[in-house]
Amino acid sequence: MNIVISNQSGVPIYEQIKEQIKASILAGALAENDPLPSLRQLARDLQVSLVTTTRAYSELELEGFVHTMPGKGVYVKKINEAFVRDKYLKEAEDALTAAVQRAKLAGLSVKDLHKMLDTIERKIK
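Just so it is clear, the structure is predicted and the values come from calculations on it, not from any experiment. (Residues numbered from 1 in each chain as written. Predicted model: local features only at pLDDT ≥ 70, side-chain atom pairs only at ≥ 80, totals over all residues. Heavy atoms only, no water.)

Trainee: Would you explain the packing of aromatic side chains in this entry?
Mentor: Two aromatic rings are characterised by how far apart their centres lie and by the angle between their planes. Summed over all chains, the structure comprises 0 aromatic pairs. Looking at Arg55, its charged tip hangs above the ring of Tyr14, at a distance of 3.8 Å from the centre. (Phe/Tyr/Trp six-rings, centres within 6.5 Å; stacked < 30°, edge-to-face > 60°. Lys NZ or Arg CZ within 6 Å of the ring centre and 35° of its normal.)

Take a look at the structure:
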């Protein structure tokens, strides 16, 4: 597992770790029942504190991506695809709501927003 952290990103390190592991799970690079590195090993590998890796793993567990087996380690859980889809739909809706609010403040029309969205979508493909 390759995790890259940046001290200059403005995103807390535990969040960077969590999001990269989550992305690996969602992309299928980490499959159900795959073990994650131990908390201590990951902390050593990334040269961060044990508290940082513990928080990242705890949040992954709270979000339903991993489970801890006491004395054995942390393992990837089976992904509930409906849950993940709903979560991303909610995040997309929140982001679009914020974008529409900002666009209104900038005096943009719905047509302008559609053009922007089309342009962004083409760039992402």
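Trainee: Just to check I follow, could you spell out the nonpolar core for this structure?
Mentor: A general trend in soluble globular proteins is that nonpolar side chains are found buried together. Among the nonpolar cores identified, the biggest contains 19 residues, and Ile17, Ile21, Ile25, Leu36, Tyr57 and Val66 are the most heavily contacted of them. The set of elements that each furnish at least two residues to this core consists of helix 1 (13-27), helix 2 (39-46), helix 3 (50-62) and strand 2 (73-76). In terms of residue count, helix 1 provides more of this core than any other element does, 4 residues in total. Among residues more than four places away in sequence, those in contact with Ile25 are Leu30, Phe65, Val66, Val76 and Ile79. (Core = buried A, V, L, I, M, F, W, Y, C linked by side-chain atoms within 4.5 Å. Buried < 20%, exposed > 50% of the residue type's maximum accessible area, 1.4 Å probe, protein only. Helix = DSSP H or I, 4+ residues; strand = E, 2+ residues; numbered from the N terminus. Contact = heavy atoms within 4.5 Å.)

Trainee: Could you clarify how one ought to interpret the side chain of Gln16 in this entry?
Mentor: Structurally, Gln16 can be placed in helix 1. A polar contact is formed between the side chain of Gln16 and the backbone nitrogen of Ser6, at a distance of 2.7 Å. Aside from chain neighbours lying at most four places away, what touches Gln16 is Val4, Ile5, Ser6, Ser9 and Val11. (Polar contact = N/O pair within 3.5 Å; in protein donor to acceptor, adjacent residues only side chain to side chain.)

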